[in-house]
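Report on the structure
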Amino acid sequence: MTTSGVLVVGEARVTVLGVRHHGPGSARAVRAELERLRPDAILIEGPPEADALVRLAPGLDPPVALLAHVPGAPSRAAFWPFAGFSPEWQAILYGVSAGVPVRFCDLPAAHTLAEDPRGDEDQPPDARPADPIGTLAAAAGYDDPERWWEDVVEHRPGPTAEAPAHGPAPWFEVIAEAMATVREGHVPDERKARREAYMRRTVRAALKQGHTRVAVVCGAWHVPALAGPQPSAAADNALLRGLPKVKVELTWVPWTYGRLASWSGYGAGVTSPGWYHHLFTVPDHPVERWLAEAAGVLRDEGLAVSSAHVIESVRLAESLAALRGRPLAGLSEVTEAARAVLCEGDDLAVELIQRRLVVGDRLGHVPDGVPMVPLQRDLRDQQRRLRLRPEALDRELDLDLRKPLDLERSHLLHRLRLLEVGWGTPGQARGKGTFRETWTLRWRPEHDLALIEHAALGTTVAAAATRRAADRAGGGSAALAELTALVEHCLLADLPDALPAVLAALSARAALDTDVTHLMAALPAMVRAHRYGDVRGTPAEGLAVIVRSMLDRIRIGLPVAVTGLDDDAAADLLKHIDAVHAAVALLTEHVDQADQAEHAGHAEPVERPEGGRERERWLATLRGLSDRQDLHGLIEGRLTRILLDCGELDDAGDRMSRAMSRGQAPARAASWVEGFLSGGGLLLVHDPRLLSLVDGWLTGLSGDQFTDVLPLLRRTFGAFAAPERRSIGERLRSAGRERDRDDAHDLDDHRAAGAVATVLSIIGRTPARTTEGER
């Protein structure tokens, strides 16, 4: 037993290779050392339940991750990510290719996922082990642990698989001795102690099975616990006795470099996976090749970067490394060189290199032979059929729903959203048309976990989404707005089998809900859903009856809802009124279009609400409210504007005059103006009388009154588009000039002559003699 990372037990030797997770230098060193050692068994830090999955590794395209989850408890899951430059991954590939048994030796996932998910978060800071890399870096005089590791391991030329060393790799011995020093006197917490106890148990089991050349690949921190003085097997067994246990399932899933950069779990993430991938795959001239790739990225964005820029940036990076005493330019040096030369100090260009190269957009791939739940396999088949390839970076997707392929893509993305698989994020609709959708697609590793979570709902995405929608509707706790949104989702996702249950729940909830604002909040989604039922070719029977019922209840309850409102309540209700008014207009437009289609012979007659009649009833309700004397000014002004725009009023000017008369408080008058003008300022441009009324009211306010209403006025006029504000200003300026001309006709020239002469003498000018015509 030594302190050099080698444990000798009789005729057997256990070589513990301490590594930095996801380190390219460590990965190359491990592969070369395994070639030299020729072990007959390899143990790797990771969950032993994944031993059967090791044989699949050569067919995977990293980055990938082992996913362990508890069936029925999706919150209890864990990932073990691997990149091509991870030492553990290279050890797996070597073992499979050489026919050497490869096993994982960490604490089983069945135990770790049975523990309190808060884990180490509740432990006091002094119970955590120190950062070994940070400790060694500080001892060497480095303020950056990443830079120290790069200098000591990543950038040091060492043996390769093609040219292995004749003796042990020196840095494995150095790391083992350094970790023994760092851990001296350290007592691990209970969880860490159990992990290392299980690692030792796995080593003992391998030796008991007759293996005499065992290689262990683990984090450098664990080397002293496995190769140094050890407790007895009985002590380790006692520590592991009675651990909680749950049933777990494991599989391989794709991973991303972006997720690897932000990962903080097993094998703490690295901030520059793209850089490390470059170091691992480009062992010769890495700096020159890296800066050439950076120049290519900038050229792709239309930036002028020449070969001379690349040459100068390489020289600068090498000079910086020499000044700092580094064996090779690291990421900080090449980044500074790229910033100064390639990017010419432009931080946006540097950020582009950071995103494209330093982190990278690589997404791993898992072939069909890897164990998957039927839901995952169905999604993969549909992705292939619909030509929607998962990607790690954002991808914009425009869909024309009149095309069968795009319509199927839309159905799939909406179904996945029901299953909480946010692969696609819908964009802002362009205009009022419903034939187009925009999506932003980005695949994340967690989506596989969500699919596994919902695997019990069905074997296909459509079946699982249908069951999920029915379960959400049947719970009895869904709010009215949630149910109406669910109806809309079912239509967008083309789930006709889910609609009966959802519509039944919606009808029952709408009949019991007495809050008119809840009905108003839910109506727009119902009207959109009714529209989608025809436009997207999805039948939506029953929606018309529910829409008509909700509108009737809104019309009945609205007169009570507008009573006794303060400013905040009035503003909130106004949003609902506008939304319902827009929904009624959409409903009317939809029915008119359907009528035209029927007359043209393009559609079969269907039962639907009488859109024109619903509009008349809605406007009649608003007309009755607008005549009340107890309305909040904001509500009254907005109702006046709505009725005016709909051609239902011919006395809007008189109503404005009353609202801004001297008998009204300035604050209420300002609220009325805010409500009246919330639909836009073009009305003031085209109606001189209304503009004159507002202008006269404003100029008639006292200084204190104007100060009081100024915030409301700024909010009102600030919401206008710039061309509207400019046109209003021009109208007022023209009106002012006309008033000035009218006033000029009433001017007494003889009485004004003395005042003019006095002013001119004050400013040092001599009065000019003018003729009567010039005056």
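Coordinates for the structure precede this section.
Right, let's walk through the structure included here. As the structure is a computational prediction, the values presented were derived from the model and not from experiment.

1. Topic: the sheet that holds strand S9 (residues 395-400)
The antiparallel open sheet is built from three strands, whose spatial order is S9-S11-S10. At either margin of the open sheet sits one strand with a lone partner, and together these are S9 and strand S10 (424-426). For this sheet, the mean inter-axis angle between neighbouring strands, taken without regard to orientation, is 30 degrees. Relative to strand S11 (residues 436-441), S10 is paired through three bridges, and the arrangement is antiparallel. Residue pairing for S11: Gly424 is matched across the bridge by Leu441.

2. Remarks on the nonpolar core
By size, the foremost hydrophobic cluster in this structure holds 122 residues, and its most contacted members are Leu291, Val334, Val487, Leu523, Leu558 and Trp618. Broken down by element, the residue count for this core peaks at nine residues, all from helix H24 (residues 567-599). Among residues more than four places away in sequence, those in contact with Leu558 are Val516, Met520, Leu573, Trp618, Leu622 and Leu625.

3. Thoughts on the sheet that holds strand S2 (residues 12-19)
The five strands are arranged S1-S2-S7-S3-S6 in an open sheet whose pairing can be described as mixed. For this open sheet the edge positions go to strand S1 (6-9) and strand S6 (102-104), each flanked by a neighbour on one side alone. Neighbour-to-neighbour, the strand axes of the sheet open up by a mean angle of 20 degrees, direction not taken into account. Both strand S3 (residues 41-44) and S6 contribute to a ladder of three bridges, which runs parallel. Across the sheet, residue Ile44 finds its bridge partner in S6, namely Phe104.

4. Overview of the pairing of strand S8 (residues 249-254)
Within S8, five of the six residues are buried, which leaves the element mostly enclosed by the surrounding structure. Sheet topology note: the strand S4 (residues 64-70)/S8 ladder contains six bridges and is antiparallel. Note that in S8 the partner of Val64 across the bridge is Pro254.

5. Side note on the pattern of salt bridges
On inspection of all chains with the given rule, the structure shows 41 salt bridges. In this structure, Asp406 engages Arg409 in a salt bridge whose closest nitrogen and oxygen atoms are separated by 3.6 Å. In this pair, Asp406 and Arg409 both sit in helix H17 (residues 404-418), three residues apart, roughly one turn of the helix. Considered together, Asp406 and Arg409 belong to a single accessibility category, that of buried residues. Ionic pairing is found between Arg623 and Glu648, a salt bridge with its closest N-O pair at 2.5 Å. Here Glu648 lies in the loop between helix H26 (633-645) and helix H27 (652-659) and Arg623 lies in helix H25 (residues 611-626), a separation of 25 residues in the sequence. One connected set of salt bridges, linked through shared partners, spans Arg324, Arg326, Glu333 and Glu336.

6. Some words on a nonpolar patch on the surface
A contiguous nonpolar surface patch, about 320 Å² in accessible area, is contributed by Val759, Ile762 and Ile763. Following the sequence through the fold, Ile763 ends up in the segment after helix H33 (749-762).

Parameters at a glance
- Per chain, residue numbering runs from 1 following the sequence as it is written.
- Per-residue local features are limited, in this predicted model, to residues with pLDDT of at least 70; the limit for side-chain atom pairs, both in listing and counting, is 80 or more; totals at the level of whole chains, interfaces and linings are taken over all residues.
- Side-chain calculation: all heavy atoms of the structure are included, whereas hydrogens and water are not.
- DSSP calls a pair of strands paired once it identifies at least 2 bridges connecting them.
- Put simply, DSSP marks the helices as runs of H or I at least four residues long and the strands as runs of E at least two long, and each gets a number from the N terminus on.
- A fitted line through C-alpha atoms serves as each axis, taken over the contacting stretch for helices, and the angle formed by two N-to-C directions is quoted from 0 to 180°.
- Put simply, buried Ala, Val, Leu, Ile, Met, Phe, Trp, Tyr and Cys residues joined by side-chain atoms within 4.5 Å make one nonpolar core.
- Between buried and exposed lies partly exposed: a residue is buried under 20% and exposed over 50% of the maximum accessible area for its type, with that area taken using a 1.4 Å probe on protein chains only.
- Two residues qualify as a contact provided that any one of their heavy atoms is within 4.5 Å of a heavy atom in the partner residue.
- Take a side-chain nitrogen of Lys or Arg and a carboxyl oxygen of Asp or Glu: if they are within 4 Å of each other, that pair is a salt bridge.
- Patch members must show over 30% relative accessible area and no salt bridge, and they are joined within 9 Å when carrying like charges or within 5 Å when they are nonpolar side chains of Val, Leu, Ile, Met, Phe, Trp or Tyr.
- For every accessible area listed, the method is Shrake-Rupley and the probe measures 1.4 Å; residues are considered covered only by the protein chains on display.

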